[in-house]
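Here are the chains, one letter per residue:
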Amino acid sequence: MATERDSETTFDEDSQPNDEVMPYSDDETEDELDTQPAVEPEQNRINREVEVTRETLRKDCSWQVKANDRAFYEQPQFMKTTFLGFKRSKYSGNAIKTYKYNPITFLPLNLLEQFKRAANFYFLVLLILQTIPQITTLAWYTTLIPLLLVLGITAIKDLVDDIARHRMDNEINNRTCHVIKEGRFKETKWKDIKVGDVIRLAKNTFVPADILLLSSSEPNSLCYVETAELDGETNLKFKMSLEVTDRYLQEESAMAAFDAFVECEEPNNRLDKFTGTLKWKGRSYALDADKILLRGCKIRNTDVCHGLVIFAGADTKIMKNSGKTRFKRTKIDSLMNYMVYTIFVLLILVSSGLAIGHTYWEQQIGNDSWYLYDGMDYSPSYRGFLNFWGYIIVLNTMVPISLYVSVEVIRLGQSYFINWDLQMYYPEKDTPAKARTTTLNEQLGQIHYIFSDKTGTLTQNIMTFKKCCINGHTYGECRDKTGKPRNRPEQVDFSWNMYADGKLAFYDQYLIEVIRSGSDPEVQQFFFLLAICHTVMVDASEGDLSYQAASPDEGALVTAARNFGFAFLSRTQNTITISEMGTARTYDVLAILDFNSDRKRMSVITRDSNGRIRLYCKGADTVIYERLHPRNPKRQATQEALDNFASETLRTLCLCYKDIGNEEYEAWNKRFMAASVAVRNREEALDKVYEEIEKNLILLGATAIEDKLQDGVPETISKLAKADIKIWVLTGDKKETAENIGYSCELLTDETTIYYGEDVSALLQTRLENQRNRSGSNLNSSQRTNEPFLQQGRNHALIITGSWLNEILLEKKKKRKKLLKLKFPKTAEEKQKQLQSKRKAEANKEQQQRNFVDLACECSAVICCRVTPKQKAMVVDLVKRYKKAITLAIGDGANDVNMIKTAHIGVGISGQEGMQAVMSSDYSFGQFRYLQRLLLVHGRWSYIRMCKFLRYFFYKNFAFTLVHFWYSFFNGYSAQTAYEDWFITLYNVLYSSLPVLLVGLLDQDVSDKLSLRFPTLYLSGQKDLLFNYRKFFISLLHGVITSLVIFFIPYGAYLQTMGQDGEAPSDYQSFAVTTASSLIIAVNFQMGLDTSYWTFVNAFSIFGSIALYFGIMFDLHSAGIHVLFPSAFPFTGTAANALRQPYLWLTIILSVALCLLPVIALRFLSMTIWPSESDKIQKNRKKYKAEEEQWRRRPSVFRRGISGRRSAYAFSHQRGYADLIASGRNIRRRRASLTAVLCTNLAEVRQAEAAS
């Protein structure tokens, strides 16, 4: 039993997930492991392994690319069948398409989409029914005019949106680069690039496709790229071509004649992996990810590079990571559709009841009334059937045709308000807020979970040197030259230093004085160490020093040393030159002991001009302190400084050194050289040798770097937390770095209990076992346990890496191992057993994922680090699926696109990482802090406005339509209308549309400042308090009561009455005018009661709508228009005759008063006895306005003395440039001939042949 259960999970105790590894191979292991027989013959095992090997080679390298040969891709084996049997090449073009329509398809496709809406299709059917004379009692134009208006406005809006998409696509597709055509480089648009083209790219241009680097203007065809759009990192990375292409492919003619053949993996989403082989001149060369430039990268510090297009357009890795574009609908949209279906059902029930009533009436009264004979000998039941359809037409306004178009107009207006909000404008980048979609605004007021990227979203991705501790003394506070504290900070003047870049903001004048005076040699030694111990490369080609670092941290430290007088000037394969207080000195670099995520440190061994050998080391305090000499007098003082730096959430690093004797170095160097050429386990051997020399170190001090948060991030997170919005951080960064940022932005505090991957795994295993014990082995019938995972009343946080996430969520898949089916055919029993096992595993996986979501949602903060783009989307999807919560994802890079598309709402930060995230987002702005205004102000207002609009809209339509229902009891259920046809046509279009539209656009219960000051106001949207089925039925009841009053008050007044002129005003047309006038005044005044924010425009719309009604009515009832169209305008003179009777005006006033006074009384009681949070704030708004005090950031609380958080120094996600420097491949040298390359590069050739 235990064995069976163990097989259901993938928790592997022998190999724990690696927190440092990002599991990028998302789609390479889609197949589950087949069940294997217990005993397998040896020959079968050998056959199977051969089959697997062949299958792997065939599967992994089935993509073929021929250089400079476009005809190659038109061969039959590369064609695939598409829609209607058309064939096209499997190789995608490079054009990007995000638009939906073209001039030919716009009208049919748009109409098809619009008629997918139930309401629009319903009114189309209704229009057809109105052309049948036996059924209709309403003119066809009463439905046609509103339907055309709705379809037209929606079509125009869709057209405007699609034109914007066309423009954006054209902007990208029409970028240019140079492509070999007809033997020469010619300027070509991106959209015309094809697989196999050889292209040339210049400095500071984007890479248009995934290309194999062939050569560049740099030594050994190095190419420096910025991958901000791919992984969010702005530090430079280097790529290097094959030596053979570097030596040979430099001239235009050589590239035109290039005819290599590439076999590689199929297009996939693995950003950091590539496998392939280049075959050229009879030789094979292995290709890997270091030789590939991905679309979205930017060429930096490289004048020119050349490449061969491998993947284009939709096949590129950045596009494969984008995920599917999902059609997003708001929660209110879905609810609104269900309510429309409810109205359909009510409409059918009411029409059926009235049709039955008409059948009964015909049997009892109609057949005996000779004066009602219409010449048709229909039976009562058939007349009832016809009247059913007649009432479907008469009562059609219960389903509001203008509802959807009104909603679209309101959303469009709200989107413009977001675009025009100057408080969300970021002047530094000239970036306004932008609502890129107009259909999701009210959903911004219902967010439960926010999923945020870290780099570039919460942080600026800018590292700044803030403080340091040298020889036990801390520097970096505001002090004068004598070391005394200063009240007013004064920036240090670096003008004395010819190499200072002028960008470092430092305020400790005393440190400068100590450096310049030379009074403390340890201080100079400290900055000398920063200048010499690194793998930074320098570019001085333009007269200024430009550093290229493997991580922004390392760049910040070298730049700081430069500003303080120790400038790194240049390096060769074996030397490094430093300017020490203006004097240039060159040192021999004997060895570089590079950083990796296990070592968490790096060292260099140098020899000065006097022959002294010294090791300089920098690294995380957790590893440095273990390797210090027992006698380090400043150890404790530095420890206290580290604690202080940690409390300020600065990224810390310890510096130390060690003098090495010649004999000791020579002995160690022999072991080092042996490890460097080890064939197996080279990295482990090198790490072991490094350990031998990195001991008994002398502590010099510590640095403190600030990973600068964007302005207002902690305040924004705090306010969103008060609004009960939970924030999860999903990042590809390291665990320590992500945790450190969690403290900086106050997601984590000293009181927070943190659970890591192993803790979560244990909790979930325990819960899963308990669930199995309760329900037996059948997980399908297992009942969820409701008890919480964690202790209530305390703050909990979850920090989990991508590897642990795959392990816990049972997403760790294995490749299918092929079996020879002829040897072991499966019996029916085995197939059934395998099917049951698969179902059980799926149920187990679902339960495990549900448990994980329950656990994570109990935490106040969740940080997922080292996660892939696909994992980001998976986490968002899990919360959507199991919590049914509204989610928002925010990011700024291409690695966030999948997450942004998966969430209900996607927000893009238009920053320094390109436009990929923005292009896929629903909303965009320049800084994370604007998110609080987007949600707490615009989102809440949009939600309140939309809810108020919908409640009122349903109310006014029920009040209008149900008058026909009451009238049917007095007209033999004959489907006659209570109003004039033109009133029915114009009621929703003109007479009652403007006030409700303006409330939907302009209304606000409290001001924007109070919305931000009291985030708890946001809770009403999260809990769906303002619009739900209860509110819907209240609106229905309100409409029923209003229709009763509107019909029966005039009916009672007309029952036995006489006008002033002795004429009875109780004819049908006068009654229709009276009820219509009462209705228009009542519903418009009701809108006035529902308005919270009064402006001149609102007042004008309400009284203007009433005036417009009377103006149009008198025109339509005039004799002149009756003469022109006698059949269309039968109410000649009715308005003038009826409304001159004071008795009718008193009837109208009484009807309106009975409709409104109960509402006013209920509102007064509600606000007095049961006031809402909004009511309380409105009541005290004058007091709050007088105070005008800004919300202040609460004091930061951090854990002190915890080394795990202090040690967050991130050199980079992989090794630095040490290998590149030590090999000398970045040094310019004379090129050899192609023959020399092909003949002498035996090692590379052998390696390539072995790989192929």
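Looking at an unreviewed UniProt entry, one finds the protein chain named Phospholipid-transporting ATPase, with Eublepharis macularius as its source organism. The UniProt entry for the protein chain carries this comment under Subunit (unreviewed entry): "Component of a P4-ATPase flippase complex which consists of a catalytic alpha subunit ATP8B1 and an accessory beta subunit TMEM30A. The flippase ATP8B1:TMEM30A complex can form an intermediate phosphoenzyme in vitro. Also interacts with beta subunit TMEM30B." Turning to the protein chain, the UniProt record has this under Cofactor (unreviewed entry): "Mg(2+)".

Caption draft 1: Spatial organisation of the overall build of the protein chain. Broken down by element type, the protein chain carries 44 helices and 35 strands. Here the protein chain, with 1252 residues, has 54% of them falling under the buried criterion. A sequence separation of at least 24 residues applies to 76% of the contacts in the protein chain between residues at least 6 apart. Total accessible area on the protein chain stands at roughly 55,600 Å², and carbon and sulfur atoms take up 54% of it.

Caption draft 2: Examining the sheet that holds strand β7 (residues 210–216) more closely. Strand order in the open sheet made by the 6 strands is β5-β4-β6-β15-β7-β13, with antiparallel pairing throughout. The two strands at the open ends of the sheet, each matched to only one other strand, are β5 (184–189) and β13 (292–293). Pairing of strand β4 (residues 176–181) with strand β6 (residues 198–202) involves 2 bridges; the strand directions are antiparallel. Pairing of V179 across the sheet is with I199, part of β6.

Caption draft 3: Highlighting empty space enclosed by the protein. For the structure on display, the rule yields 6 cavities of 30 Å³ or more. When its volume is computed, the largest cavity comes out at roughly 110 Å³. Every residue along the wall of the largest cavity is listed here: F123, L138, T142, T143, P146, N396, T397, I401, I984, T985 and N988. Among the elements of the structure, α5 (141–173) and α29 (981–991) are those that each provide at least two residues to the lining of the largest cavity.

Caption draft 4: Highlighting the pattern of salt bridges. Within the structure shown, the criterion is met by 45 salt bridges. Note that R479 and D508 form a salt bridge whose closest N and O atoms lie 2.9 Å from each other. Of the two residues, R479 is situated in the loop between β19 (473–475) and α13 (509–517) and D508 in the loop between β19 and α13; the sequence distance between them amounts to 29 residues. Each member of the pair R479 and D508 is classed as buried. E580 is paired through a salt bridge with R585; the nearest N and O atoms lie 3.0 Å apart.

Caption draft 5: Just the nonpolar core, in detail. Counting residues in each nonpolar core, the largest one holds 100 residues, and the members touching the most others are V399, L403, F949, L950, F954, F983 and L1079. Here this core gets 17 residues from one element, more than from any other, and that element is helix α28 (residues 930–968). Excluding residues that lie within four positions of it along the chain, F983 makes contacts with F960, Y991, A1076, L1079, I1080 and Y1109.

Caption draft 6: Looking closely at the side chain of S910. By the secondary structure assignment, S910 is in the loop between β34 (905–909) and α27 (916–920). The residues contacting S910, other than those within four sequence positions of it, are T431, V918, F925 and G926.

Caption draft 7: A look at a nonpolar patch on the surface. A cluster of nonpolar side chains, namely Y338, Y341, Y1029 and F1033, defines an oily patch on the protein surface of about 420 Å² accessible area. At the level of elements, α10 (331–364) and α33 (1029–1055) are the ones that each hand at least two residues to the nonpolar patch. By the element assignment, Y338 lies in helix α10.

Caption draft 8: Representation of the sheet that holds strand β8 (residues 222–226) in the model. Taken in spatial order, the 3 strands line up as β9-β8-β14 in an open sheet, and their pairing is antiparallel. Strands at the two margins of the open sheet, each flanked by one partner only, are β9 (236–240) and β14 (298–300). In this sheet, neighbouring strand axes are inclined to one another by 45 degrees on average, regardless of whether the strands run parallel or antiparallel. Where β8 lies against β14, 3 bridges are found, and the strand directions are antiparallel.

Caption draft 9: Inspection of unusual backbone geometry at higher detail. The residue N204 is not glycine, and still its phi comes out positive at about 65 degrees. Along the chain, the position of N204 falls in the loop between β6 and β7. Overall, the relative accessible area of 40% leaves N204 in the partly exposed class.

Caption draft 10: Quick peek at helix α20 (residues 713–722). Counting buried residues in α20 gives 7 out of 10 residues, a clear majority hidden from the surface. Close packing links the buried residues of α20 with β17 (449–452), β28 (698–709), β29 (726–730), α21 (735–744), α28 and α31 (1008–1013). Positive backbone phi, approximately 60 degrees, marks D724, located one or two places after α20.

Caption draft 11: View of the pairing of strand β1 (residues 63–66). Only one face of β1 is buried: it carries W63 and V65, and the other face, with Q64 and K66, is open. Where β1 lies against strand β10 (residues 261–264), 4 bridges are found, and the strand directions are antiparallel. Bridge assignment links V65 to a residue of β10, and that residue is V262.

Caption draft 12: Quick look at the packing of helix α34 (residues 1068–1090) against helix α35 (residues 1096–1116). Contact pair α34 / α35: the axes reach a minimum separation of 9 Å and the direction vectors enclose 165 degrees. The angle between α34 and α35 falls in the class roughly antiparallel. Here the hand of the crossing between α34 and α35 comes out right-handed. When α34 is examined against α35, the residues V1073, A1076, S1077, I1080, I1081, N1084, F1085, M1087 and G1088 are found in contact with a partner set consisting of I1102, F1103, S1105, I1106, Y1109, F1110 and M1113.

Caption draft 13: Fine view of α21. Most of α21 sits inside the fold, with 10 of its 10 residues counted as buried. Every buried residue of α21 is accounted for by K735, E736, T737, A738, E739, N740, I741, G742, Y743 and S744. After α21 finishes, the residue E746 shows a positive phi value of roughly 70 degrees.

Caption draft 14: Highlighting the pairing of strand β12 (residues 283–287). Summarising the sheet, strand β11 (residues 276–280) and β12 pair through 5 bridges and their orientation is antiparallel. Opposite W280, over in β12, you have R283 as the bridge partner. A loop of 2 residues connects β11 with β12, the two strands running antiparallel in sequence, and K281 in this loop sits at a positive phi of about 55 degrees.

Cut-off values and rules
- Residues numbered from 1 in each chain as written.
- Predicted model: local features only at pLDDT ≥ 70, side-chain atom pairs only at ≥ 80, totals over all residues.
- Heavy atoms only, no water.
- UniProt positions renumbered as here; feature names shortened; annotations may be inferred.
- Helix = DSSP H or I, 4+ residues; strand = E, 2+ residues; numbered from the N terminus.
- Buried < 20%, exposed > 50% of the residue type's maximum accessible area, 1.4 Å probe, protein only.
- Contact = heavy atoms within 4.5 Å.
- Areas by Shrake-Rupley, 256 points an atom, 1.4 Å probe, with all protein chains shown as cover.
- Pairing = 2+ DSSP bridges.
- 1 Å grid on protein atoms, 1.4 Å probe; cavity = no way out; pocket = protein on both sides within 12 Å on 5 of 7 lines; lining within 4 Å.
- Points joined across faces, edges and corners; volume = space filled by probe spheres on them.
- Salt bridge = Lys/Arg side-chain N within 4 Å of Asp/Glu carboxyl O.
- Core = buried A, V, L, I, M, F, W, Y, C linked by side-chain atoms within 4.5 Å.
- Patch = residues over 30% accessible without salt bridge, like charges linked within 9 Å, V, L, I, M, F, W, Y side chains within 5 Å.
- Axes fitted to C-alpha atoms, helices over the stretch in contact; angles between N-to-C directions.
- Parallel < 35°, antiparallel > 145°, perpendicular 65-115°, else oblique.
- Left-handed = near helix turned anticlockwise from the far one by under 90°.

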